[in-house]
Amino acid sequence: MGTKVENDRADVARRSAKFPPTVWGFTFASFSLQDSEIESYNKEVEQLKLKVKEMLMMSTQEITKNIEFINLLCRLGVSYHFETEIKHQLSHIFTNLPDFLQKNDYDLHTAALLFRVLRQHGHKVPSDIFEKFKEKDGEFSGTLTSDVKGLLSLYEASFVSVNGEDILNEASKFSKKYLERYLDNNSEQTSPYIEYHIRYSLECPNHTGMERVETTQFISYYRQHDSMNPLLLKFAVLDYNRLQLLYRHELALVSKWWKESKLPETLTYARDRIVEVYVWALGCLPGPKYSLSRLLIAKYTQMAMTVDDTYDVYGTLDELESFTAAFERCNINAIDELPHYMKALYKVILELFGETQNDNNGESSYKTSYAKEMFKELTRADLVEARWFDNGYVPRFDEYLRNAMITTTSELLIAALFLGLKDAGMKEMIWVRESPKIVKATQKLVRLYDDVATHEEEQKRGDCPSAVECYMNEYGVTKEEATEEIKKMIRNIWKEINEGYMEESRVSRSIVEYFLNFARMSNFVYRIRDAYTYSTNLKDYVLKLFLEPLPL
C-alpha cells in the first residue's frame, strides 16, 4: 500500500514543462450533428455508390484497368464501400499475376502499381517483378529516367519493401534522384498538379501517411487530372464531407467529456490535447464503423498522456509510488492514499473504466479488465522511468527500449479498440500479448519516432533519458550520430512492419491494419516536431479534417 498523503505539498519544488495551452479550448464541445444534414448526404452517396460499383465491376475485364480503378478508390478514400468486392478482385489478380507478367509487356508504372496495391492489401508480390527494368550491369535502365509516371509509382512502391530486398532500396534511390532532377529541370514545363503530386509524394509517401489527410490531398490532385471522372469525383467529395460530419460529431462528444471531467482546469501542468488525440484515433481507425472505438481510444490516449505528464514533470517520486500502488488496486477506496491533485486524475480514470464495465449486460467486463491491466502496466513503466530520473541513471539502449515500448501506449489503446468492437475478444487479446512481428515493430517505431522528435525539449526541462541519450551514452557517439543511427533503425523497422502486415494472421485484417495505421500516425505526428506538445503543427490539418468541407 502506498504512503498516505493528506494534502498537496506546497514545499516541493516541482518541475514544469511549460506546455503550450490548447489551440482550440472547448470550441468543438458545442458542435452538434443535424440528422437532416447527414441524411441528405447519405441519400446522394448511396445513389452514386451503385454507379461506382458498376464501374468497379466493369474494370475487372482487364487486370491493368482493375488495379488502376481499385487504386483510385483507395486513394479517394471510398474503397471501404466495396471491401468484399475489392478483396475478391485482388485475390484474383494475385493468383493470376505470374501468368499476366509472363504474357504481357508491362511498363514500369503498371508493375509498380500492381506491386504496391497488392502488398498494401496483404499480398506479398515478389520484388523480382522489377528485374525487367534493369540493364545487364545491374543498374536500372536509363530509358526510365524520363518516365515521370513510372518513376513516381516506383518511388511509392519502394516503401512497401521488407528486409533483404536490395532491389527496392535501389529503386527508392533511383526514382527519388530522377524525380528531384525532373522538378529542378522542368519546373516551367511541368503542370502544377503533376509538380504538386511529385513534391507531396517525396515529402510523405502514400504508404506512410495518415489516410484521411492522404485522401484530402489526392482529391485535390485528382480534381485537376486529365482523366478525372466527374461522377467518381462527386462520389468521393460527397462521401468525404459526409464522414467529416460524423468525425466532427465524435470530436464534439470527446471534447464535451473532457470539459466535464474538469481535469484541464485542475491539472494545469498537463497537456490539454483532446482534439489532437482524436486526430490520432481517427488516423488509426478511419472507417465509419469504428465510431465507438475512436471515442474510447481518444479518451484513453488523453488519460494516458495526463498520467505521463504527471510522472514526467510534476509528481514527486513518493507521490508516484503512491499513485502506482493505488492503481494496482484500481478501486475508489484507494483514493485516500493520494494527494489532492492525483485524486481527480484517479477518479476520472476509474469512471472511464466504468463506462464499459457493464456494457452488453456485463459481457464487456473482461475487456475492461484487460484495459485496466494495460493501464497498470503503463503506470509501472512510467514509474521505472521516474526512478531512473530520480537516481540519475542512464539505462542501456536495449534496457530503455524494452520499458519504453510499454510507454508508447500501443497495448493500452488496442484495449480501447477492443472495447469498441463486438467481434473482438480473447483471441485478439492473446494475439497482441504474444507480440507478433507487427505489434513489436510498431511499438519500437513509435518510441523511436517520438524520441528523435522530442529528446532536446525533454532534456531541457529535465526528464528521463530518451533513446538518443541512451545510445550516446552506451556507444560514446555524438547526438547527431546517435540520431542518424536511430533514423536508420526506423527505416528498417518500417520493413519489419510491412513484413508483419503481409504475414498470415489468426486475427482479422482490420486488427493488423490498426497497427500499420498506428505506425503511420507516429510518422504523421512526429515527422516534423512533436505535434502533441506543439499542437499548432496540427492546426491546419484539424481545420481541413473537421471544419472545411470539400467543394463539389
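Keep in mind that this is a model prediction, so the values were computed, not measured.

A. Representation of the overall build of the chain in the model. Along the chain, the regular secondary structure elements total 23 helices and zero strands. Taking 2.2 N^0.38 as the reference for a compact globule, 552 residues should give roughly 24 Å; the C-alpha atoms of the chain span a radius of gyration of 25 Å, in line with that estimate. Burial analysis of the chain (552 residues in total) assigns 56% to the buried set. Counting contacts in the chain only where the partners sit at least 6 residues apart, residues at least 24 apart contribute 75% of the total. A total accessible area of about 24200 Å² is found for the chain, and carbon and sulfur atoms account for 48% of it. Side chains of the chain give 69 positive and 84 negative charges; the mean places of these two sets differ by 2 Å.

B. Structural context of the pattern of salt bridges. Tallied over the entire structure, the rule returns 28 salt bridges. The residue Glu203 makes a salt bridge to Arg527 at a minimum N-O spacing of 3.8 Å. With a gap of 324 residues between them, Glu203 in helix 7 (residues 192-203) and Arg527 in the loop between helix 22 (509-526) and helix 23 (539-547) connect regions that are remote in the sequence. Across the pair Glu250 and Arg294 runs a salt bridge whose closest N-O atoms are separated by 2.7 Å. On the criterion of sequence distance, the pair formed by Glu250 in helix 9 (residues 230-261) and Arg294 in helix 12 (residues 291-314) is long-range, its members being 44 residues apart. Exposure remark for Glu250: the relative accessible area of 0% places this residue in the buried category. Residues joined by salt bridges that share partners form a network here, namely Arg271, Asp308 and Asp309.

C. The arrangement of the packing of helix 1 (residues 35-58) against helix 9 in detail. Direction vectors running N to C along helix 1 and helix 9 enclose 145°, while the axes themselves pass 9 Å from each other. In the packing of helix 1 onto helix 9, the handedness of the crossing is left-handed. Contact residues: Glu37, Ile38, Tyr41, Asn42, Glu44, Val45, Leu48, Lys49, Lys51, Val52 and Met55 in helix 1; Leu231, Leu232, Lys234, Phe235, Leu238, Asp239, Asn241, Arg242 and Leu245 in helix 9. Split into classes, the residues belonging to the contact of helix 1 with helix 9 amount to eleven nonpolar, two polar and seven charged.

What counts, and where the lines are drawn
Residues numbered from 1 in each chain as written. Predicted model: local features only at pLDDT ≥ 70, side-chain atom pairs only at ≥ 80, totals over all residues. Heavy atoms only, no water. Helix = DSSP H or I, 4+ residues; strand = E, 2+ residues; numbered from the N terminus. Rg over C-alpha atoms; globule rule 2.2 N^0.38 Å. Buried < 20%, exposed > 50% of the residue type's maximum accessible area, 1.4 Å probe, protein only. Contact = heavy atoms within 4.5 Å. Areas by Shrake-Rupley, 256 points an atom, 1.4 Å probe, with all protein chains shown as cover. Lys, Arg positive; Asp, Glu negative; His and termini not counted. Charge placed at Lys NZ, Arg CZ, Asp CG, Glu CD. Salt bridge = Lys/Arg side-chain N within 4 Å of Asp/Glu carboxyl O. Axes fitted to C-alpha atoms, helices over the stretch in contact; angles between N-to-C directions. Left-handed = near helix turned anticlockwise from the far one by under 90°. Nonpolar A, V, L, I, M, F, W, Y, C, P; charged D, E, K, R; others polar.

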